[in-house]
Amino acid sequence: MPTEQENFMAQALALAAEAAAAGEVPVGCVIVRDGEIVGRGRNRREEKQATASHAEMEAIAQANERLGTWRLDDCELYVTLEPCPMCAGAILNARIRRVWYGARDEAFGACGGVTNLFSGGGLPPGAGGLFCRAPGRRKKSTLRFDLRLL
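Residues numbered from 1 in each chain as written. Predicted model: local features only at pLDDT ≥ 70, side-chain atom pairs only at ≥ 80, totals over all residues. Heavy atoms only, no water.

**Comments concerning the overall build of the protein**
So, step 1. Helix and strand counts for the protein stand at four helices and five strands.
So, step 2. Listing every helix and strand of the protein by position from the N terminus yields α-β-β-α-α-β-α-β-β.
So, step 3. When the 150 residues of the protein are sorted by exposure, 43% land in the buried category. (Helix = DSSP H or I, 4+ residues; strand = E, 2+ residues; numbered from the N terminus. Buried < 20%, exposed > 50% of the residue type's maximum accessible area, 1.4 Å probe, protein only.)

Printed below as a string of structure tokens:
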């Protein structure tokens with residue numbers, strides 16, 4: 001039986017498939033609060049011809065609107081690809097407490113792939129709760145990739 005995290009990542013994967021079908025880089029994202037999805041997003045850079053139209057940015061904007069606040073400190077984010085520096089910055093600013101991602105991005109990843117914006121001091125109070133605090137520590141998944149909680 002799939003875990004709750006696998007179910008949410010499956011929702012993000014479905015959004016990534018939509019992005020791929022639309023000719024976008026296949027990235028999907030969901031934001032969850034208390035077991036309920038409050039924001040969904042997929043890459044739309046080509047469709048909108050907008051640099052910031054990443055899946056995470058779309059999901060954060062939807063969660064802000066739905067919850068009526070910019071603070072998402074009681075939320076978790078599930079994304080199919082490691083967030084880039086722009087999205088990692090938005091995640092930190094939104095105070096999202098946990099990030100799960102499916103695949104490491106060796107080109108632009110900002111959660112350890114190239115750099116790690118989630119390490120070091122000075123993080124917002126809600127940015128804690130990091131699972132992958134030590135190198136090599138992983139949560140294994142029955143999906144075709146490892147899920148990592150940062």
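Now that the structure has been shown, we can carry on.
**A few points about the packing of aromatic side chains**
The geometry of two aromatic rings is summed up by the distance between their centres and the angle between their planes.
So, step 1. Within this structure, the stated rule accounts for two aromatic pairs.
So, step 2. Both rings, one in Tyr 78 and one in Trp 100, keep their centres 5.8 Å apart while their planes meet at 5°; by these two values the pair is stacked. Note that Tyr 78 is positioned in strand β3 (residues 75-81) and Trp 100 in strand β4 (residues 98-103), a separation of 22 residues in sequence.
So, step 3. The exposure class assigned to Tyr 78 is buried, which follows from its relative accessible area of 2%.
So, step 4. In textbook terms, an aromatic cluster arises when at least three aromatic residues are bridged by ring pairs, as seen for Phe 8, Tyr 78 and Trp 100. (Phe/Tyr/Trp six-rings, centres within 6.5 Å; stacked < 30°, edge-to-face > 60°.)

**Quick word on the pairing of strand β1 (residues 28-33)**
So, step 1. Taking burial as the measure, the six residues of β1 include five buried ones, the bulk of the element.
So, step 2. Taken together, the six bridges between β1 and strand β2 (residues 36-42) define a ladder with antiparallel strand orientation. Across the sheet, residue Cys 29 finds its bridge partner in β2, namely Gly 41.
So, step 3. Hairpin remark: β1 followed by β2, antiparallel, with two residues in the connecting loop; positive phi at Asp 34, about 50°.
So, step 4. Where β1 and β3 come together, five bridges link them in antiparallel fashion. What sits directly across from Cys 29, in β3, is Val 79. (Pairing = 2+ DSSP bridges.)

**A look at the nonpolar core**
Considering soluble globular proteins, one finds that nonpolar side chains tend to be buried as a cluster.
So, step 1. If you look at the biggest cluster of nonpolar residues, it comprises 23 residues, and the most contacted ones within it are Ile 31, Ile 60, Leu 72, Leu 77, Ile 91, Ile 96 and Phe 118.
So, step 2. Those elements giving two or more residues to this core turn out to be β1, α3 (55-67), β3, α4 (85-94) and β4.
So, step 3. Ranked by the residues each element gives to this core, the list is headed by α4, at five residues.
So, step 4. The residues touching Ile 31, leaving out its near neighbours within four places in the chain, are Glu 36, Ile 37, Val 38, Gly 39, Ala 59, Ile 60, Ala 63, Leu 72, Cys 75, Glu 76, Leu 77 and Ile 96.
So, step 5. If you look at the next biggest cluster of nonpolar residues, it comprises nine residues, including Leu 15, Val 30, Ile 37 and Trp 100. (Core = buried A, V, L, I, M, F, W, Y, C linked by side-chain atoms within 4.5 Å. Contact = heavy atoms within 4.5 Å.)

It is worth stressing that arrangement in space is one thing and function is another; only the former is reported here.
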